[in-house]
There are 2 protein chains.
Amino acid sequence: MVIHAPYLLFIGDATDALSIKMAQSVAHWRPDLCVGEFSVEGCTVSTGLPKLSIEEAAKKGAKTLVLGFANSGGILDKKWLPLIELAIRKGMHIVSGLHQKLTSYPELVHCAQQYDVELLDIRHPTTQFNTGTGRKRSGKRLLTVGTDCSVGKMYTSLSLEQAMSKQNMAVDFRATGQCGILVAGAGIAIDCVVADFISGAAESLSPDADADHWDVIEGQGSLSHPAFAGVSLGLLHGSQPDALVICHALNRTHMRGLPDTDFPSIETTIALNLQAARLTNPDVAIAGISVNTSAVSVEEGRAICQQLSEQFSLPCVDPLRDGTAAIVANL
Amino acid sequence: MVIHAPYLLFIGDATDALSIKMAQSVAHWRPDLCVGEFSVEGCTVSTGLPKLSIEEAAKKGAKTLVLGFANSGGILDKKWLPLIELAIRKGMHIVSGLHQKLTSYPELVHCAQQYDVELLDIRHPTTQFNTGTGRKRSGKRLLTVGTDCSVGKMYTSLSLEQAMSKQNMAVDFRATGQCGILVAGAGIAIDCVVADFISGAAESLSPDADADHWDVIEGQGSLSHPAFAGVSLGLLHGSQPDALVICHALNRTHMRGLPDTDFPSIETTIALNLQAARLTNPDVAIAGISVNTSAVSVEEGRAICQQLSEQFSLPCVDPLRDGTAAIVANL
């Protein structure tokens, strides 16, 4: 799945900053891939990028209109069709991370055919994958894994890629979720792959590479999450990581969305992930810990990271507040 | 997914007994669900059921024609279309476990509509599942888990169901693969579900039940298999088993299809499965060990089971040679 840049980020009439996470992710990490954002009346949030109309964006060379908003249920509201069709008529491809497919509207399919553009439903991979082989690949791999879902695995991965690039290391960010795919312009929505092919898809995501090249692979879910651990395990086995970075968020008392499920300790998370990762890479090691400390002050956050660093004899950082250079130094 | 019995088992021109595993499974475990088998010239294998033409089977009340053969690639050969259409015209539903969908042939879709019958591609679930919740359900559950793929998890599960039925226990076999689905007449091909929904699908497969009711759930893959462990883990979490039965086959030196991956010990398999299962059921226990000893003599097989039984302080049987009553007695 390859997405053509630059993008126009469509945020609709969003009023909740969380609902435009997809637009925010790419605006934050790859502003150079974006010509601007497009919103309509009623919208009260922004990515901070220049506000453009579809026509203005087309003139600035936008190649893809990205539906950068989400809603519960993942429905593609019919009210957006005229605007999407306008973008198509201006020659833009359309990217959606919504559950309901762009291709579920025959009028969009027809219009896209007429103007020879692609409708990309990135939650619905169309690639045929092979089942996993466990074969050792050349090059090096780092995978972010978490105590839970939504603890900053994508943010940490992109921060690591940035820190490694700054040190002139050969590195690629490998995206496994829709926001990451948009940032990378390529990737596989791993939780949307048919279960039989999770590991095989993960293997294809980080192919053989030069001996000193690093793939930084975006983790998904958590081995301790009753709903998503299967995805996490298949991704772990297929990634055959040399290095793991443990991602964690402060002040959670239970697993995301599951009030009855306890949150695992960092110790448990390290043990579970090392044990499972050794199946496809016996030499795997933990490279560091990344903590989202936004729930506490900067000082308290630093103190917690310091304490975790001493407890586990590993670098421990808040990637947003401190960056991840300390973890890269430990690779 | 519900399949209408009785079935006519179509084994084509098969010459390899392994290639008609789907037909063999249902002929062995549910001969009462079958009116007979249908083969064509060149076929050298048999399920042992009466040989019937499509017309004869229709007269005997067959409601579904089952494509009971497999081939590498899972292609539905065009040469079978006239025979499938004949069955449709006789009012039969069609069931296929092949990778290529029945519905990929417009002529079959048209014919099925005309005669108001279903085309069921059981490797392609169409149900919309929810993501898992980890919520504790009422009733009791047993899951078969394995040292590897294809070590007898379905056979063991069906043997356990039979043994429990004989003791008048309330029990249902819950199928997770295509052969099992045919035997049960219902189920979910769990490795064909989108990865995000593995656990949720497994949860829906064994719903709340009476306190003394047992669901015997057919396991898939192995936590030690680099290609399929994600499926095994999602199924394990969603099944929230009270009892696990470890399935094993003698004389394997490496994981199925992966010459470079070592075979795990029974000890490792027990430890990995107990650890993972405790996430959704802290009270899980191992009920017994089931070994396919067909690679050695009956006497040698018994001696091995006896030795394993003593080593692990658990009942250990060959389900084909000894039945599984000893494991049921340990529940």
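Please read these numbers as outputs of a predicted model, since none were measured by experiment.

What about the overall build of chain A?
Right, so step 1: Looking only at helices and strands, one finds twelve helices and 13 strands in chain A.
Right, so step 2: Dimensions of chain A, computed from C-alpha atoms along their principal axes, come out at roughly 55 × 45 × 45 Å.
Right, so step 3: For chain A, with 331 residues in total, the buried portion stands at 58%.
Right, so step 4: If you take every contact in chain A between residues at least 6 apart in sequence, the share linking residues at least 24 apart comes to 75%.
Right, so step 5: By element, 50% of the accessible surface of chain A is carried by carbon and sulfur atoms, the whole surface being about 13,400 Å².

Description of the domain arrangement of chain A
Note on interface size: it is often stated as the accessible area lost on association of the parts.
All names here are of chain A.
Right, so step 1: Splitting chain A by domain gives domain 1 (7-121) and domain 2 (140-328).
Right, so step 2: Domain 1 and domain 2 are separated by 29 Å when their C-alpha centres are compared.
Right, so step 3: Taken together, the 13 residues of domain 1 in the interface contact eleven residues of domain 2.
Right, so step 4: Approximately 1,100 Å² of surface area, both sides summed, lies buried where domain 1 meets domain 2, with 67% of it carried by carbon and sulfur atoms.
Right, so step 5: In this structure, the connection of domain 1 to domain 2 is made through one salt bridge.
Right, so step 6: A salt bridge links R30 to E161; the shortest N-O distance between them is 3.0 Å.

Looking at the side chain of E203 of chain A
All names here are of chain A.
Right, so step 1: Tracing the sequence through the fold places E203 in helix α7 (residues 198-205).
Right, so step 2: Buried charge without a salt bridge: E203, with R137 as the nearest opposite-charge side chain at an N-O distance of 4.7 Å.
Right, so step 3: Excluding its chain neighbours within four sequence positions, the residues that come into contact with E203 are G132, T133, G134, R137 and G238.

As for the state of the cysteines
Here, the word disulfide means a covalent bond between the sulfur atoms of two cysteines.
Residue and element names in this part refer to chain B.
Right, so step 1: Applying the stated criterion to the full structure yields zero disulfides over all chains.
Right, so step 2: As a non-bridged cysteine, C34 has C179 as the owner of its nearest cysteine sulfur, 12 Å distant.
Right, so step 3: With relative accessibility at 11%, the residue C34 sits in the buried group.

Things to note about the interface of chain B and chain A
Right, so step 1: On the chain A side, the residues contacting the 33 residues of chain B number 33 residues.
Right, so step 2: For the pairing of chain B and chain A, the buried interface totals around 2,400 Å² over both sides, and the portion due to carbon and sulfur atoms is 60%.
Right, so step 3: Interface area lost by chain B to chain A is led by A195, D196 and P226 of chain B, which between them contribute 21%.
Right, so step 4: For the pair chain B and chain A, the interface holds two salt bridges.
Right, so step 5: In this structure, the salt-bridge partner of D196 of chain B is R123 of chain A, at a minimum N-O distance of 3.8 Å.
Right, so step 6: Inspection of the chain B/chain A interface yields six residue pairs in polar contact (both at pLDDT 80 or more).
Right, so step 7: Of all elements in the fold, only α7 (198-205), α8 (229-239) and α9 (266-277) of chain B reach the threshold of two or more residues within the side of chain B that touches chain A.
Right, so step 8: Of the residues in the side of chain B that touches chain A, the class split is 16 nonpolar, 14 polar and three charged.

A word on the UniProt feature "domain: D-glutamate N-acetyltransferase-like N-terminal" (unreviewed entry) in chain A
Right, so step 1: Taking the UniProt record as the reference, the feature "domain: D-glutamate N-acetyltransferase-like N-terminal" (unreviewed entry) is found at residues 41-125 of chain A.
Right, so step 2: A distance of 33 Å separates the end C-alpha atoms of residues 41-125 of chain A, which is 29% helix and 13% strand.

Some details on the relation of the copies chain B and chain A
Right, so step 1: At an RMSD of 0.0 Å, chain B and chain A line up after a rotation of 180 degrees and a shift of 0.0 Å along the axis. The operation mapping one copy onto its partner corresponds to a two-fold rotation axis.
Right, so step 2: Of the interface residues in chain B, 100% have counterparts in chain A that sit at the interface too, so the contact is made through matching surfaces.

Quick notes on the rules
- Sequence order sets the numbering: in each chain, residues are counted from 1 along the sequence as written.
- Here chains are named by letter from A upward and ligands by number from 1 upward, in the order in which they appear as written.
- Note on the predicted model: pLDDT of at least 70 is required for a residue's local features to be given, and 80 or more for side-chain atom pairs to be given and counted; whole-chain, interface and lining totals, by contrast, use all residues.
- Just so you know, side-chain values use all the structure's heavy atoms and leave hydrogens and water out.
- Numbering goes from the N terminus for both helices and strands, where a helix is a DSSP run of H or I of at least four residues and a strand is a run of E of at least two.
- Here's how the labels work: a residue is buried when its accessible area is under 20% of the maximum for its type, exposed when over 50%, partly exposed in between, all with a 1.4 Å probe on protein chains only.
- Contacts: residue pairs with any heavy atoms within 4.5 Å of one another.
- Accessible surface area values rest on a Shrake-Rupley calculation with a 1.4 Å probe, where residue burial reflects the displayed protein chains alone.
- Domain start and end points were adopted from an automatic or database domain assignment.
- Using a 1.4 Å probe, buried area is obtained as the accessible area two parts lose upon being combined, added over both of them.
- In what follows, salt bridge is the name for a side-chain nitrogen of Lys or Arg lying within 4 Å of a carboxyl oxygen of Asp or Glu.
- His residues and chain termini do not enter the charge count, which takes Lys and Arg as positive and Asp and Glu as negative.
- By convention in this document, the label disulfide applies to cysteine sulfur atom pairs within 2.5 Å.
- N or O atoms closer than or at 3.5 Å make up a polar contact, with two conditions inside protein: a donor-capable atom paired with an acceptor-capable one, and, for residues adjacent in sequence, both atoms drawn from side chains.
- Think of it as three bins: nonpolar holds Ala, Val, Leu, Ile, Met, Phe, Trp, Tyr, Cys and Pro, charged holds Asp, Glu, Lys and Arg, and polar takes everything else, Gly as well.
- UniProt positions are given in the numbering used here, feature names are shortened, and annotations may be inferred rather than shown by experiment.
- When the copies are superposed, the least-squares fit takes in the C-alpha atoms of residues with a pLDDT of at least 70 in both.

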